[in-house]
Amino acid sequence: MESQVDQLKVIFLPFFLAPSHQIPMVDTARLFAMHGVNVTIVTTSANALLFQKSIDRDANSGHQIKTHVLQFPSAQVGLPDDIENFNTATSLTDMVPKLFMGQSLLKKPIEQLFQDMQPDCIVSDIFHPWTVDSAAELGIPRLVFHVTSCFSFCAETCVEQYKPHLSVNSDTELFLLPGLPNKIEMTRLQIPDIPDEFNQIMILNKEAERRSYGAILNSFYELEGAYEELHKSNTGIKTWSVGPVSLWVNKDVTDKVERGNEEALKNHEWLHWLNAKESNSVLYISFGTLKKLSEAQLIEIAHGLEASGHQFIWVVRQKDKDQDEGWLEEFDKRVKESNKGLIIRGWAPQLMILEHRSVGGQVTHCGWNSFLEGVTAGLPMITWPIFAEQFYHEKLVTEVLKIGVAVGKKEWTTLSGKETKEVVKREDIEKAVKFLMGSGEEAAEMRNRARELGNAARKAVESSGSSQSNFMALINDQKSLKSKRK
Ligand code: UDP
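Keep in mind the model is a prediction, meaning the values are calculated, not measured.

## Brief notes about the overall build of the protein chain
Logical step 1: Scanning the protein chain for helices and strands turns up 21 helices and 15 strands.
Logical step 2: Here the C-alpha atoms of the protein chain give a radius of gyration of 22 Å, agreeing with the 23 Å that 2.2 N^0.38 yields for 486 residues.
Logical step 3: Once the C-alpha set of the protein chain is aligned to its principal axes, its extents read approximately 65 × 55 × 50 Å.
Logical step 4: Every one of the 486 residues in the protein chain was classed for burial, and the buried ones make up 58%.
Logical step 5: When the accessible area of the protein chain is evaluated, it comes to approximately 20,400 Å², of which 52% is carbon and sulfur surface.
Logical step 6: Both charge centroids of the protein chain, one from 53 positive and one from 64 negative side chains, sit 2 Å from each other.

As structure tokens, this is what we get:
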């Protein structure tokens with residue numbers, strides 16, 4: 001048993017505003033605690049409700065893990081109580097700047113917490129660049145935690161460095177991303193069109209990453225090892241890929257069902273529905289936590305799914321107060337009666353659904369967590385990128401790993417502000433669904449490759465697997481730094 005003096009004490013600081021940043025960091029914090037580390041996760045009141053029960057369960061089973069809950073300064077920045085992340089924001093245009101402002105006001109109390117707790121290491125989301133200076137002041141390492149892929153970092157760096165998008169004459173002409181391990185071509189419409197103020201934030205974040213001690217990646221070597229090597233050489237810091245963390249940590253059903261939103265999952269209709277279906281016969285459709293699709297797009301999806309003839313679970317975000325969605329209620333009723341489809345409003349237990357034997361494919365917006373969860377479940381995918389690095393992930397899925405097909409989304413959309421008019425047509429959706437869920441040879445090959453990748457993910461987190469070895473190396477590295485400091 002390790003003495004208290006030798007035990008590592010680590011503070012985890014997630015990006016409070018996006019559930020998709022918190023979810024994998026909480027998984028990783030729990031992983032550290034399972035390996036004897038004393039862990040504190042900094043969070044805010046409404047965000048804590050999303051995962052506190054799992055932390056309490058871990059603590060009750062003997063792990064040294066707790067949350068440190070801060071009051072989000074909602075009133076001060078003009079936000080209603082309980083709106084502390086993008087997922088609960090009722091208007092992104094109005095609330096995103098206020099949410100950022102609220103988070104920045106928490107810097108002082110967090111710095112004070114660092115001083116009071118004197119941790120051995122800070123694991124920080126990339127969106128808190130200032131923690132690199134806090135760690136330097138305390139004379140401890142800052143590890144940046146990545147919630148996205150090395151593939152997208154490398155692609156982004158390539159675009160910044162070589163500016164290949166400036167060499168073409170139109171927004172739809174393909175250009176090559178030079179210097180990547182695979183031949184990747186994109187159009188200007190697929191390259192993130194980041195507003196200036198956000199670009200400034202990203203420049204600071206990346207600069208802080210290069211000054212960090214190292215980076216923890218929720219990825220695994222067999223998935224994108226060549227890109228991990230390239231990212232390491234681009235940033236010049238140590239990296240440890242230790243994922244998929246969710247697969248490693250969420251072993252019991254309660255953890256899986258409650259992950260990410262403990263209160264929203266009282267209803268188990270989905271489970272009864274899936275239990276009655278044949279293996280691999282259901283398609284799961286979800287677009288993550290950040291972006292609501294337009295009504296015109298939802299209508300096309302409904303028609304495309306119905307015309308495909310395949311069975312589906314479709315997660316549709318809650319409607320806005322004054323929105324009339326009579327057509328969706330009609331559709332819901334119709335597909336329920338024909339037993340073809342199930343619509344989940346709000347939050348779905350995605351991890352459990354993807355792992356269910358009846359699910360045979362996923363339509364994904366290519367958020368890194370959803371992608372990894374699909375990979376872990378061994379599922380082929382229809383890619384439907386919307387914004388951020390999702391178009392890069394589409395390339396990873398369709399051209400590098402070859403485990404999916406693109407629905408044909410052409411243009412990047414911003415989270416708030418500029419909207420494109422692009423609506424993916426019902427015929428394209430129908431075609432992609434028929435292809436992926438059908439009996440063609442090409443789809444069968446994709447399914448096989450996806451299954452193999454799922455097996456590789458499981459091996460990575462098993463004893464002597466790549467992620468498990470990396471994780472142990474990371475812990476030993478931190479222990480040796482601590483003993484040198486002593
Ligand atoms: N998620 C979920 N249920 C939902 C929507 C999302 O469990 O109804 C989880 C999903 O499993 C994933 C995360 O939320 O872990 C979404 O992260 P991702 O990176 O895929 O997308 P983002 O929300 O950043 O667009």
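## Digging into the packing of aromatic side chains
Logical step 1: Here the structure, examined in full by the defined rule, presents 16 aromatic pairs.
Logical step 2: Summarising the aromatic geometry, the rings of Phe100 and Phe127 are spaced 6.5 Å apart at their centres and angled 50° between planes, so their arrangement reads as tilted. In this pair, Phe100 sits in helix α5 (residues 92–105) while Phe127 sits in the loop between β4 (121–125) and α7 (131–138), placing the two residues 27 residues apart along the sequence.
Logical step 3: Judged by its relative accessible area of 14%, Phe127 is buried.
Logical step 4: Ring geometry for Phe387 against Trp412: centres 6.3 Å apart, planes inclined by 65°, an arrangement best described as edge-to-face. Remark: Trp412 occurs in the loop between β15 (404–406) and α19 (426–437) and Phe387 occurs in the loop between β14 (381–383) and α18 (390–401); sequence separation between them is 25 residues.

## Concerning the sheet that holds β15
Logical step 1: Strand order in the open sheet made by the 6 strands is β12-β11-β10-β13-β14-β15, with parallel pairing throughout. The open sheet has two edge strands, β12 (341–345) and β15, and neither has a second partner. On average, each strand axis in the sheet is inclined to that of its neighbour by 15°, with strand direction left out of account.
Logical step 2: Two elements, strand β10 (residues 282–286) and strand β11 (residues 311–316), share 4 bridges in a ladder whose sense is parallel. The residue bridging Ile285 from the neighbouring strand is Trp314, located in β11.

## So, the confidence of the model for the protein chain
Logical step 1: On average, residues of the protein chain carry a pLDDT of 93, and 96% of them reach 70 or more.
Logical step 2: The complex prediction reports pTM at 0.94, with the ipTM value standing at 0.99.

## Let's talk about the site of the ligand
Logical step 1: Looking at the ligand, there are 17 residues lining it, with Ser20, Thr289, Ala348, Ser370 and Glu373 nearest.
Logical step 2: Measuring from an oxygen atom of the ligand, one finds a side-chain N or O atom of Ser20 at 2.5 Å.
Logical step 3: Considering the ligand on its own, with 540 Å² of exposed area, one finds that the protein chains cover 95% of that surface.
Logical step 4: Within the residue set of the shell around the ligand, elements represented by two or more residues are α1 (19–34) and α17 (368–376).
Logical step 5: Broken down by element, the residue count for the shell around the ligand peaks at 4 residues, all from α17.
Logical step 6: Class assignment for the residues of the shell around the ligand results in 6 nonpolar, 9 polar and 2 charged.

## A few points about the packing of helix α8 (residues 150–162) against helix α10 (residues 221–235)
Logical step 1: α10 packs onto α8 with a crossing angle of 50° between their chain directions and a minimal axis gap of 8 Å. As summarised for this structure, α8 and α10 are arranged oblique, according to the angle between their axes. As for the relative orientation of α8 and α10, their crossing is left-handed in sense. Where α8 approaches α10, its residues Cys150, Phe151, Phe153, Cys154 and Thr157 are matched on the opposing element by Glu224, Tyr227, Glu228, Leu230, His231 and Asn234.
Logical step 2: Of the residues contributing to the contact of α8 with α10, the split by class is 6 nonpolar, 3 polar and 2 charged.

Calculation criteria
- Residues numbered from 1 in each chain as written.
- Predicted model: local features only at pLDDT ≥ 70, side-chain atom pairs only at ≥ 80, totals over all residues.
- Heavy atoms only, no water.
- Helix = DSSP H or I, 4+ residues; strand = E, 2+ residues; numbered from the N terminus.
- Rg over C-alpha atoms; globule rule 2.2 N^0.38 Å.
- Buried < 20%, exposed > 50% of the residue type's maximum accessible area, 1.4 Å probe, protein only.
- Areas by Shrake-Rupley, 256 points an atom, 1.4 Å probe, with all protein chains shown as cover.
- Lys, Arg positive; Asp, Glu negative; His and termini not counted.
- Charge placed at Lys NZ, Arg CZ, Asp CG, Glu CD.
- Phe/Tyr/Trp six-rings, centres within 6.5 Å; stacked < 30°, edge-to-face > 60°.
- Pairing = 2+ DSSP bridges.
- Axes fitted to C-alpha atoms, helices over the stretch in contact; angles between N-to-C directions.
- pLDDT = per-residue confidence, 0-100.
- Near = heavy atom within 4 Å.
- Polar contact = N/O pair within 3.5 Å; in protein donor to acceptor, adjacent residues only side chain to side chain.
- Nonpolar A, V, L, I, M, F, W, Y, C, P; charged D, E, K, R; others polar.
- Parallel < 35°, antiparallel > 145°, perpendicular 65-115°, else oblique.
- Left-handed = near helix turned anticlockwise from the far one by under 90°.
- Contact = heavy atoms within 4.5 Å.

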